[in-house]
Amino acid sequence: MKLKDREIPCFAYATKKINQVAVRNRKILKKLRGWFLYLLCSLLLLSILPIVLLRWVDPITSSFMLQHQWAGSTNQALDYQWRDWNQLSSQLKIAVVASEDQSFPEHYGFDFKSIINALKQREQGLSSRGASTISQQVAKNLLLWPGQSWVRKGLEAWLTLVLETVCSKQRILEIYLNIAQWGINQFGAQAASQYYFAKNAIQLNRFEAALLAAVLPNPVRFSVDSPSRYIRERQRWILRQIKALGGSGYLSDISQ
């Protein structure tokens, strides 16, 4: 037998082995993809459960509160007091919407016009505050962590869609007003109202409500009890926006 004739079966055998390995690898990859999709779907379904519960159960804490406590920023205890919708000032409700998310009654979790404007400003090298809606902030503050990673943003988008699907606008705003940070250790409208104005959240007038809303971009840096000129300007701007929106009646459609 010539050398060339002996090489043919060897080549055929090697080709057969390579094909067998390729088939086995494809089967392994198919199983891995299946397990990955199964795990992903399971995690997504599990993420829905706490939001479904939010329709009826008031959160006893939030992810941001827990992170604040673990960080040990101060030695003082965290001040968090839940108040139902009817125990919150209508002036505060409209002040926060006027300041943070004027399209809140209309959008489905995302304000795409604000997102596009924010992206354009960044492309031009201008600073922008961002375009997170109240719904997005609830999803982030309640269940996630601060940061700008794509993973966190992706989870925030998913949880926002679930939140908007499961909960009413009234419930979303109620949760936001109760878990928002308004000082070093003050979380929620009731804690802020008592700490800064020595009154309950339902008693806030429009000037106090606008002042509280004015510090929301950074409640640790900005002060309610000693407001800077910038915060006073924001307070006046918020009062003008409230008037332009038509006052607290602007939110009448979201009330149950």
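Let us look at the structure shown here. Every value quoted in this text rests on a predicted model; they were computed, and no experiment measured them.

## Observations concerning the overall build of the protein chain
A count of helices and strands for the protein chain gives ten helices and two strands. Beginning at the N terminus, the succession of helices and strands in the protein chain can be written as α-α-β-α-α-α-α-α-β-α-α-α. Going through the 256 residues of the protein chain one by one, you find that 38% of them count as buried. Long-range contacts, defined here as pairs at least 24 residues apart, represent 72% of the contacts in the protein chain between residues at least 6 apart. Within the structure as shown, the protein chain displays about 15,500 Å² of accessible surface, and the carbon and sulfur contribution to it stands at 59%.

## With respect to the packing of aromatic side chains
Two numbers describe a pair of aromatic rings. These are the distance of the centres and the angle of the planes. With the rule as written, the count across this model stands at three aromatic pairs. The interplanar angle of 85° and the centroid separation of 4.9 Å between the aromatic rings of Tyr195 and Tyr196 together place this pair among those described as edge-to-face. The buried category is assigned to Tyr196, whose relative accessible area is 18%. Ring geometry for Phe222 and Tyr230: centres 5.5 Å apart, planes at 40°, overall tilted. For Phe222, a relative accessible area of 14% translates into the label buried. Among the residues examined, Tyr230 registers a relative accessible area of 43% and is labelled partly exposed. Over the ring of Phe104 we find Lys169; its NZ or CZ atom is 4.5 Å from the centre of that ring.

## Some thoughts on the pattern of salt bridges
Considering all chains together, one arrives at six salt bridges under this definition. Across the pair Arg152 and Glu156 runs a salt bridge whose closest N-O atoms are separated by 2.1 Å. In this pair, Arg152 and Glu156 both sit in helix α6 (residues 150–166), four residues apart, roughly one turn of the helix. For Glu164, the salt bridge is made with Lys169, and the minimal N-O distance between the two is 2.9 Å. Lys169 carries the same exposure label as Glu164, and that label is buried. Residues participating in the shared-partner salt-bridge network are Asp58, Arg171 and Glu174.

Rules used throughout
- Residues numbered from 1 in each chain as written.
- Predicted model: local features only at pLDDT ≥ 70, side-chain atom pairs only at ≥ 80, totals over all residues.
- Heavy atoms only, no water.
- Helix = DSSP H or I, 4+ residues; strand = E, 2+ residues; numbered from the N terminus.
- Buried < 20%, exposed > 50% of the residue type's maximum accessible area, 1.4 Å probe, protein only.
- Contact = heavy atoms within 4.5 Å.
- Areas by Shrake-Rupley, 256 points an atom, 1.4 Å probe, with all protein chains shown as cover.
- Phe/Tyr/Trp six-rings, centres within 6.5 Å; stacked < 30°, edge-to-face > 60°.
- Lys NZ or Arg CZ within 6 Å of the ring centre and 35° of its normal.
- Salt bridge = Lys/Arg side-chain N within 4 Å of Asp/Glu carboxyl O.

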